[in-house]
Amino acid sequence: MPQKLLLIDDDTRLTGMVADYLRAQGYAVDTAPTLAAGREWLRQGGHDALLLDLMLPDGDGLELTRELRADARTRRLPLLMLTARGAPVDRIVGLELGADDYLPKP
């Protein structure tokens with residue numbers, strides 16, 4: 001059974017490209033364009049890792065990161081921030097909040 005990833009990002013073009021690439025590498029990928037939709041996927045469980053944008057139409061991915069790290073069920077879920085916020089201070093904040101890695105979008 002392939003590893004199951006959740007990608008929360010409102011950029012549909014980028015989400016499609018990343019999801020297609022990951023699927024071609026053998027991953028199962030669910031996508032969500034909002035924090036609300038992402039939270040619903042997370043409630044259902046079963047994801048092996050999360051790729052998270054920070055700037056979403058219904059909130060900030062940093063807040064979701066805080067929530068996930070405070071919850072025993074999701075505390076250890078691997079989390080990669082994939083975001084347009086590329087300043088060093090943004091990377092530091094993301095990693096300090098509990099992201100496992102931080103990748104700025106080009």
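You'll find the structure just up there.
In what follows, the accompanying structure is described. Since the model is a prediction, treat every value here as computed from it, not as a measurement.

This part takes up the pattern of salt bridges. All chains considered together, the criterion is met by 10 salt bridges. The salt bridge partner of Arg 85 is Asp 60, with a shortest N-O separation of 3.5 Å. Placement of the pair is Arg 85 in the loop between strand 6 (79-83) and helix 4 (88-97) and Asp 60 in strand 5 (residues 59-60), with a sequence separation of 25 residues. Residue Asp 60 is classed as partly exposed on the basis of its relative accessible area of 28%. One salt bridge in this structure joins Arg 73 and Asp 71, with 2.7 Å as the shortest N-O distance. Taking relative accessible area as the criterion, Asp 71 reaches 23% and is therefore assigned partly exposed. Taken together, the shared-partner salt bridges connect Asp 9, Asp 53 and Lys 105 into one network.

Glancing now at the pairing of strand 7 (residues 101-104). Pairing of strand 6 with strand 7, which is carried by four bridges, proceeds in the parallel orientation. Looking at strand 7, one finds that Thr 83 is bridged to Pro 104. Once the chain exits strand 6 it traverses helix 4 before rejoining the sheet at strand 7, and the crossover so formed is right-handed.

About the thresholds
- Within every chain, residues take consecutive numbers counted from 1 along the sequence as written.
- Thresholds applied to this predicted model are a pLDDT of at least 70 for local features of residues and 80 or more for the giving and counting of side-chain atom pairs; totals over whole chains, interfaces and linings are not thresholded and use all residues.
- The side-chain figures draw on all heavy atoms in the structure; neither hydrogens nor water molecules are used.
- Here, a salt bridge means any side-chain nitrogen of Lys or Arg that lies within 4 Å of a carboxyl oxygen of Asp or Glu.
- The secondary structure listing takes helices from DSSP runs of H or I that are at least 4 residues long and strands from runs of E that are at least 2 residues long, numbered from the N terminus.
- Type-normalised accessible area, obtained with a 1.4 Å probe on protein chains alone, sets the label of each residue: buried when under 20%, exposed when over 50%, and partly exposed for intermediate values.
- Any two strands are treated as partners once DSSP identifies two or more bridges connecting them.
- Throughout, right-handed denotes a crossover for which the path from the first strand over the helix to the second runs clockwise when the strands point away from the viewer.

Keep in mind these numbers describe shape, not what the thing actually does.
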